[in-house]
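Spelled out from the first residue to the last, the chains are:
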Amino acid sequence: MLAYLSVPFLGQRLRKTDILAGLVCYAGVVVIATRGAVTSLSFSDPLGVSLAIGSTVIWASYWILATRDTRDPVVGLFLNFLFGLPVIAVICGLTEALTCPAPGPLLPPCMSGSSKWGSRSCSGRTP
């Protein structure tokens, strides 16, 4: 999708290999979405498939438009998530999908992540 959307957004030209690669990838999506019954085109979850395909369009558009962003990448990513967080909170609140899990299972990954990020920022080195 990134290659396809670079044509209208960035004026790029598609090569034959780009077109073929995209067709192969989306053919794989059809195989997975139909659970192997490709000829029937009976999708197991049409809403889920359309949301997944739609998310590829949105994500590719985001990456292409981000190439024109002149901000510091860390600041830009922080601001993107900062402005996206209220939207996600409202959607979760309206759909009753916002729950707070018990902290027990979340503790090990949080400690692991914080120690890796903390040591990287304190030492000034990247792993």
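Please read all numbers here as calculations on a predicted model, not as lab measurements.

Rules used in this analysis
Residues numbered from 1 in each chain as written. Predicted model: local features only at pLDDT ≥ 70, side-chain atom pairs only at ≥ 80, totals over all residues. Heavy atoms only, no water. Helix = DSSP H or I, 4+ residues; strand = E, 2+ residues; numbered from the N terminus. Buried < 20%, exposed > 50% of the residue type's maximum accessible area, 1.4 Å probe, protein only. Polar contact = N/O pair within 3.5 Å; in protein donor to acceptor, adjacent residues only side chain to side chain. Contact = heavy atoms within 4.5 Å. Phe/Tyr/Trp six-rings, centres within 6.5 Å; stacked < 30°, edge-to-face > 60°.

*Asks:* What am I meant to see in the environment of Asp69 here?
*Replies:* The residue Asp69 is located in the loop between helix H3 (46–66) and helix H4 (73–95) in this model. Asp69 gets classed as partly exposed once you look at its relative accessible area, which sits at 33%. Engagement of the side chain of Asp69 in a polar contact is seen with the side chain of Arg71, the distance being 2.8 Å.

*Asks:* What's the story with the side chain of Ser6 in this structure? I'm lost.
*Replies:* Relative to the elements of secondary structure, Ser6 occurs in helix H1 (residues 2–10). For Ser6, the residues in contact, after removing those within four places along its chain, are Gly11, Gln12 and Ile64.

*Asks:* Just to check I follow, could you spell out the side chain of Ser61 for this structure?
*Replies:* Mapped onto the elements of the fold, Ser61 is located in helix H3. Classification of Ser61 as buried rests on a relative accessible area of 15%.

*Asks:* What's the story with the packing of aromatic side chains in this structure? I'm lost.
*Replies:* Note on aromatic pairs: each is described by the distance of the centres and the angle between the planes. One pass over the full model with this rule turns up three aromatic pairs. When the centroid spacing of 5.8 Å and the interplanar angle of 80 degrees are considered together, the rings of Trp59 and Trp63 count as edge-to-face. Remark: Trp63 and Trp59 occur in helix H3; sequence separation between them is four residues, near one turn of the helix. Judged by its relative accessible area of 45%, Trp63 falls in the partly exposed class.

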